[in-house]
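Structural overview
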Amino acid sequence: MATTEECRTALEKLSDNMQRAEGDVRTAASLDRSVSCRITDLDVTFVGRMAGGRIVVQDTLQGPPPEKAQIRLTMTGDDLVALVAGELNFAKAWGTGRVKLEAGLRDLFQLRKLL
């Protein structure tokens, strides 16, 4: 089982990958939105902001977030680490319910370029 620190490191790596993106992916990464990533098996939520092509984690909370972020991810720590490492396909994980992504319709259309 991935640790909270391994999950934070995976989110930092994802942020670095987004920063280096080009084309349509860069456009999608440049959204300015509040984000949360709930790690179900650790019962923690990383909350922050997606802006300037990066994800900045501002806090780590026990349990679910008190406020609903504009972009919300939910998964296990192992799945987060595997997704960022390229070992788990996002579309398959999303389609089978291993990963949940919630956002407004416009944001979902933009985010599909990232995924």
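Structure: see above.
The paragraphs below set out a description of the structure included in this document. Keep in mind that this is a model prediction, so the values were computed, not measured.

Structural notes on the pattern of salt bridges
This model, assessed by the stated rule, comprises six salt bridges. For the salt bridge of Arg-54 with Asp-16, the shortest nitrogen-to-oxygen distance reads 2.8 Å. Of this pair, Arg-54 sits in strand β3 (residues 54–62) while Asp-16 sits in helix α1 (residues 4–19), and the two are 38 residues apart along the sequence. Between Arg-49 and Asp-32 there is a salt bridge, with the nearest N and O atoms lying 2.8 Å from each other. Within this pair, whereas Arg-49 is found in strand β2 (residues 44–51), its partner Asp-32 is found in the loop between α2 (23–29) and β1 (33–39), the two being separated by 17 residues in sequence. Exposure remark for Arg-49: the relative accessible area of 31% places this residue in the partly exposed category. Judged by relative accessible area, Asp-32 falls into the partly exposed class, the value being 42%.

Quick notes on the nonpolar core
Ranked by internal contacts, the top residues of the largest apolar core, which has 28 residues, are Ile-39, Met-50 and Leu-80. Sorting the residues of this core by element identifies α1, β1, β2, β4 (71–75), α3 (77–85), α4 (90–95) and β5 (100–103) as the ones contributing at least two each. Not counting residues within four places of it along the chain, the set of residues in contact with Leu-80 comprises Cys-7, Ala-10, Leu-11, Cys-37, Ile-39 and Met-75.

Quick notes on the rules
Residues numbered from 1 in each chain as written. Predicted model: local features only at pLDDT ≥ 70, side-chain atom pairs only at ≥ 80, totals over all residues. Heavy atoms only, no water. Salt bridge = Lys/Arg side-chain N within 4 Å of Asp/Glu carboxyl O. Helix = DSSP H or I, 4+ residues; strand = E, 2+ residues; numbered from the N terminus. Buried < 20%, exposed > 50% of the residue type's maximum accessible area, 1.4 Å probe, protein only. Core = buried A, V, L, I, M, F, W, Y, C linked by side-chain atoms within 4.5 Å. Contact = heavy atoms within 4.5 Å.

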